[in-house]
Amino acid sequence: MTVTRTMKVQRGALPLAMLALLTAGCGTQRPESAGDAYRSSHPTPTGISTPSTPANFPCPGETATPTPTTSANSVSAAPGDHYAENHGFRIPFPLYGQSRCDGLAAVGRIEKALEPLRKRGDFAPASTRSALTGLGYPADSVESYQNGPTGVSFLVEVNASPVCVEGTMSRDVTQAHAFGGYPDHSGCDIPSGGH
């Protein structure tokens, strides 16, 4: 008799556990969570500093005070649309301070090294990779790939901070920009998925 009762309890517990698991959600934030309610009723005291944008300074070769560039990948969404929230892991971090100067210096070196290839019309990924590793970047931190018949795209992990440089080379122009990696991801390549 106790065996039958135990089996019935166990069978009833499984659907209950499944229901609890399904209703838990993944990263769901309610508009009026306990934290929101607390923050709205207890404003931040004026004596406590809040995080702000890190300070920049002019890098060598710059004349004006730098302004951080926003990513071309940033997405604005309508209220209620969670696309930007769900794809925030794909928006690269901007660089500030010395890291920004390191990134700008790397961009200049890379564009200068690739310009002879562009002028010759050499758009082979292997040539681009060779020019970039010739600057001293390790082979495992350099990627290059074909971007149409007359174009090459590249990605270089300049250092482990990370300072990353990505760009393209085409018949008309060689251009690159530096950034500081991605949220919840190490390295310079675009993450393939969030949670």
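The structure displayed is predicted, hence computed values, not measured ones.

Would you explain the nonpolar core in this entry?
Proteins that are soluble and globular tend to have nonpolar side chains buried together. In terms of nonpolar packing, the biggest core is built from 15 residues, with I110, L114, L132, F154 and V165 touching the most fellow members. Elements with a minimum of two residues in this core: helix 4 (97-120), strand 2 (151-159) and strand 3 (163-170). Of all the elements, helix 4 adds the most residues to this core, at five residues. In terms of nonpolar packing, the next biggest core, distinct from the first, is built from five residues, L155, C164, F179 and C188 among them.

Hey, could you run me through the pattern of salt bridges in this one?
For side chains bearing opposite charge, pairing can occur when the charged atoms are close. Tallying each qualifying case throughout the model produces two salt bridges. Residue R118 is joined to E115 by a salt bridge in which the shortest nitrogen-to-oxygen separation is 2.5 Å. On the criterion of helical spacing, the pair formed by R118 and E115 is a turn pair, its members being three residues apart in helix 4. Where R120 meets D122, a salt bridge forms, and the shortest distance between an N and an O atom there is 3.9 Å.

Would you explain the packing of aromatic side chains in this entry?
The geometry of two aromatic rings is summed up by the distance between their centres and the angle between their planes. For the structure on display, the rule yields one aromatic pair. Geometrically, the ring pair formed by F179 and Y182 is edge-to-face, given 5.4 Å between the ring centres and 65° between the ring planes. Y182 shares its class with F179; the two are buried.

Can you walk me through the pairing of strand 2 in this structure?
Two faces make up the sheet, and in a regular strand the side chains alternate between them. Where strand 1 (residues 142-146) meets strand 2, five bridges bridge the pair, whose relative direction is antiparallel. Among the inter-strand pairings, Y145 is bridged to a residue of strand 2, identified as S153. The turn linking strand 1 back onto strand 2 is made up of four residues, and G148 within it adopts a positive phi angle of 85°. Sheet topology note: the strand 2/strand 3 ladder contains eight bridges and is antiparallel. Paired with E157 across the bridge in strand 3 is C164. Here strand 2 folds back onto strand 3, and the loop between the two strands holds three residues.

Basis of the calculations
Residues numbered from 1 in each chain as written. Predicted model: local features only at pLDDT ≥ 70, side-chain atom pairs only at ≥ 80, totals over all residues. Heavy atoms only, no water. Core = buried A, V, L, I, M, F, W, Y, C linked by side-chain atoms within 4.5 Å. Buried < 20%, exposed > 50% of the residue type's maximum accessible area, 1.4 Å probe, protein only. Helix = DSSP H or I, 4+ residues; strand = E, 2+ residues; numbered from the N terminus. Salt bridge = Lys/Arg side-chain N within 4 Å of Asp/Glu carboxyl O. Phe/Tyr/Trp six-rings, centres within 6.5 Å; stacked < 30°, edge-to-face > 60°. Pairing = 2+ DSSP bridges.

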